[in-house]
Amino acid sequence: MKIKLLDGKIMSFDIPKTVIEIAQEISISLGKKCVGAIINGKEVVPSKATIDKDCKLELITERHELFNSVVNYTAKIITGFALKTLFPQGSLYPESEGYDKSEFFVYYDLPTKLTLEDLKEAEKLANDLISKKIELKFEDVTFTDEKYNELMSSINVKKEYIDIMLEMNKNRYIKFPVASLNGVVYYSRYANLNNTSDLFKIELNEITAFQIEDNKYVYKIHGLTAISEKELEEKKRKIEELKENDHKYIAKNLEIYHLDPLIGQGLPIWLPNGTVLKQEIKKYLMEKEFEYDFIQIETPVIGTSELYKTSGHWDHYRDDMFAPMILPKEEMVLKPMSCPHHISVYRYKQRSYRDLPLRFAEHALQHRYESSGSLTGLERVRAMELTDSHIFVRADQVKDEFIRCFNLITEVLKTFDIKIDYLSLSLRDPEDKEKYFNDDKMWNQAEAELEKVLNELKIDYKKMIGEAAFYGPKLDIQAKTALGHEITVSTIQLDFLLPQKFELSYINFEGELERPIMIHRGLVGTYERFISVLLEQTKGVLPLWCSPQQVEIIPVNIAKKDYAEKVREELKSKLIRSKIDLRDERLSYKIRDAQIRKIPYQLVLGDKESENDMVTYRKYGSEEQITVTLKEFIKMIEKKVKEKIYN
């Protein structure tokens, strides 16, 4: 067999070798440091995994970027063993989540309640295992499915979880090796450290619920671990820092939205502050769309199942749609996408080449049945409002229209000062005939067209195979969240398929029917996700023009209430959002509180101000106090709002 290393070197072996044996062939010191390997850039295996076929091999040591994942997986095994020892009637749930976070997670299916006291017992047992310096052994055996089934059943692992593991193993290039900890046998799904004592400590901090089916949950246990005390403390510091930058934490302090389990998971309720923020952003986006010649339309929040069968969503997107509503004579579905509805607007009358490009825009309410485990604040929800658009063009208009869309998105993101991670040219995986519509000619044409435009524009991008929509390639504008998630902020997608499925046409120059091309455009994605990004990147210090409250009016005493009311009315007449703080608190406390709530401007009103029709203002983040006339202050705020000056 031939093993290709990261530096391009080829190693040949006549017999199967473990990862660590291959590392030792390179150098003795590398053999000592190696904890696992990446196979063909995809599968991660432990150092004792046997390689029995040709592959690309990337060795993992303490200096590798995946080493933290190896540490976390080791802690996961030890914690799982502790839980199984304390609660033998429970089963570890074989989730597919990565191990690259600061925290590690263990999913445990237990029929009884798991408390924080139980968690501390599991933590104590896990750390006892660390102190006993137990080797994580690998067994020189290969399990048949029947043998694995028998072993797992003997320790009360649920049949459905056994089947999940067997299915995972069946699809792997290198099969899961058999390992054991303290005599308990398991499949090792990742690379791990060789001994429990290689970890410094395990801390189990939190229990949350993770939904695996309707009305069925498992416990999600949050833990921290590291190989030294210094690294553990550094992880704790980073997690606290991440929490402060997490949009969920910021939104709670600013009272942007809330989630009520009685209403349903992933269904955010916009509070007054969040509603103002969203409406101001929407007002700006609709103005930009008007400037770029988009036509606003509105479509229903439901459609027939037949509509989505025609579009292809039923076959390719069904798992992410809510269950259909079965009515006496029809079957309806909550709208997960607006493209079929916009197509209906296009085809309600015959179009001519003179009508194109035809740009429909809708700030569309949509519903998608995201798994409960993936729901994250506003970042990933089940009810959302998408800044959606579908543009119908002739073939000779694709390039210019793509450039217009890209310029609009760039201008909007610049207004908010959104920091982008990278641009993704998302292409299909030609081998995946289930996920993508099976028409090679159509795909080759669409992908070549999009790539040609990007190259002509000299846009830097990464090619991402397997990330296309089922109907066509796309350009995704990607950003990173505070928690390290990679999300799409804006998108432009080429679609040759849906015009074909719905038999769209326009009358061309020669008077003949011709098929238009459709461009999908997500201006800033959903309001929910965009606002989550905005909160994190600004740390809650929102631009003045869209801040829910722009001014806090602070009279120095109750005697100045009348003047404060007058100031508020003047601001209100100019559509400047303000509130008066009449609490019986010290002036310094009120100013500090307004700063904590990140109000862009605080106005302090005393004798001098009330007698001379003046205000003394202080900007957020500044200690400087400036006194001007009320008219001057209003004029300054109006100018900043109009010009979208940040603050």
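Throughout this description, residue numbers start from 1 for each chain and increase along the sequence as written. In keeping with the predicted nature of the model, local features appear solely for residues at pLDDT of at least 70, side-chain atom pairs appear and are counted solely at 80 or more, and the whole-chain, interface and lining totals rest on all residues. Excluding hydrogens and water, the side-chain values take into account all heavy atoms of the structure.

Student: Lay out helix 6 (residues 159-170) with the relevant residues and their values.
Tutor: With twelve residues, helix 6 should reach 16 Å at 1.5 Å per residue; the first-to-last C-alpha distance of 16 Å fits that figure. Categorising residues by exposure relies on relative accessible area from a 1.4 Å probe, with only protein chains included: less than 20% of the type maximum marks a residue as buried, more than 50% marks it as exposed, and the intermediate range marks it as partly exposed. The secondary structure listing takes helices from DSSP runs of H or I that are at least 4 residues long and strands from runs of E that are at least 2 residues long, numbered from the N terminus. Taken together, the buried positions of helix 6 are Tyr161, Ile162, Met165, Leu166 and Asn169. One side of helix 6 carries all its buried residues, which in axial view fall inside an arc of 140°. Each residue after the first adds 1.5 Å to the expected span of a helix. Here the arc refers to the set of directions running from the helix axis out to each C-beta atom.

Student: Explain the nonpolar core to me, using residue names and the numbers behind them.
Tutor: Ranked by internal contacts, the top residues of the largest apolar core, which has 63 residues, are Ile281 and Phe416. Here the element with the most residues in this core is helix 13 (residues 398-415); it accounts for eight residues. Those residues in contact with Phe416 that lie beyond four places of it in its chain are Ile281, Tyr284, Phe530, Leu534 and Trp545. With 41 residues, the next largest nonpolar core counts Val44, Ile60, Leu114 and Phe138 among its residues. Take the buried Ala, Val, Leu, Ile, Met, Phe, Trp, Tyr and Cys residues and link them wherever side-chain atoms come within 4.5 Å; each set so joined is a nonpolar core. In what follows, residue pairs with any heavy atoms lying within 4.5 Å of each other are defined as contacts.

Student: Residue-level account of the sheet that holds strand 12 (residues 184-187), with values.
Tutor: Read from one edge to the other, the open sheet built from three strands follows the order 10-11-12, with strand pairing classed as antiparallel. Single-partner strands in this sheet number two, and they are strand 10 (136-138) and strand 12. Neighbouring strand axes in the sheet, compared pairwise and without regard to direction, differ in orientation by 35° on average. Relative to strand 12, strand 11 (residues 178-181) is paired through four bridges, and the arrangement is antiparallel. The residue bridging Ala179 from the neighbouring strand is Tyr186, located in strand 12. Only strands joined by at least two bridges in the DSSP assignment are considered to pair. Under this scheme, a helix contributes an axis fitted over its contacting stretch, all axes are lines through C-alpha atoms, and angles between N-to-C directions fall in the 0 to 180 degree range.

Student: Describe in detail the packing of aromatic side chains, supporting the description with residues and values.
Tutor: Here the distance between the centres and the angle between the planes together describe a pair of aromatic rings. Ring pairs shown here join Phe, Tyr and Trp side chains whose ring centres sit within 6.5 Å, with only the six-membered ring taken for Trp; geometry is labelled stacked below 30 degrees between planes, edge-to-face above 60, and tilted in between. Taken as a whole, this structure holds 15 aromatic pairs when the rule is applied. Residues Phe416 and Trp545 carry aromatic rings whose centres are separated by 5.3 Å and whose planes lie at 50° to one another, so their mutual orientation is tilted. With Phe416 in the loop between helix 13 and strand 24 (422-427) and Trp545 in the loop between helix 16 (527-538) and strand 31 (551-555), this pair connects stretches of sequence that are 129 residues apart. Here Trp545 falls in the buried class, since its relative accessible area comes to 3%. Between Arg351 and the ring centre of Tyr346, over which it is positioned, the NZ or CZ distance is 5.5 Å. Any Lys NZ or Arg CZ found within 6 Å of a ring centre and within 35 degrees of that ring's normal is scored as a charge over the ring.

Student: Report on the packing of helix 17 (residues 561-573) against helix 20 (residues 630-642), specifying residues and quantitative values.
Tutor: Where helix 17 contacts helix 20, the axes come no closer than 11 Å and their chain directions differ by 35°. Regarding helix 17 and helix 20, the two cross each other, and that crossing is right-handed. Of the residues in helix 20, those in contact with Tyr563, Val567, Glu570 and Leu571 of helix 17 are Leu630, Phe633 and Ile634. In this classification, the charged set is Asp, Glu, Lys and Arg, the nonpolar set is Ala, Val, Leu, Ile, Met, Phe, Trp, Tyr, Cys and Pro, and all remaining amino acids, among them Gly, are polar. The residue inventory of the contact of helix 17 with helix 20, partitioned by class, reads six nonpolar, no polar and one charged. When the near helix sits turned anticlockwise from the far one by under a right angle, the crossing is termed left-handed; a clockwise turn instead gives a right-handed crossing.

Student: If you had to explain the environment of Ile517 to someone new, which residues and values would you point to?
Tutor: Inspection of the secondary structure puts Ile517 in strand 30 (residues 517-526). Each C-alpha atom of the pair Ile517 and Val398 lies 7.9 Å from the other, and the pair is 119 residues apart in sequence. Look past the residues within four positions of Ile517 in its chain and what remains in contact with it is Ile391, Phe392, Val393, Ala395, Val398, Asp495, Phe496 and Pro499.

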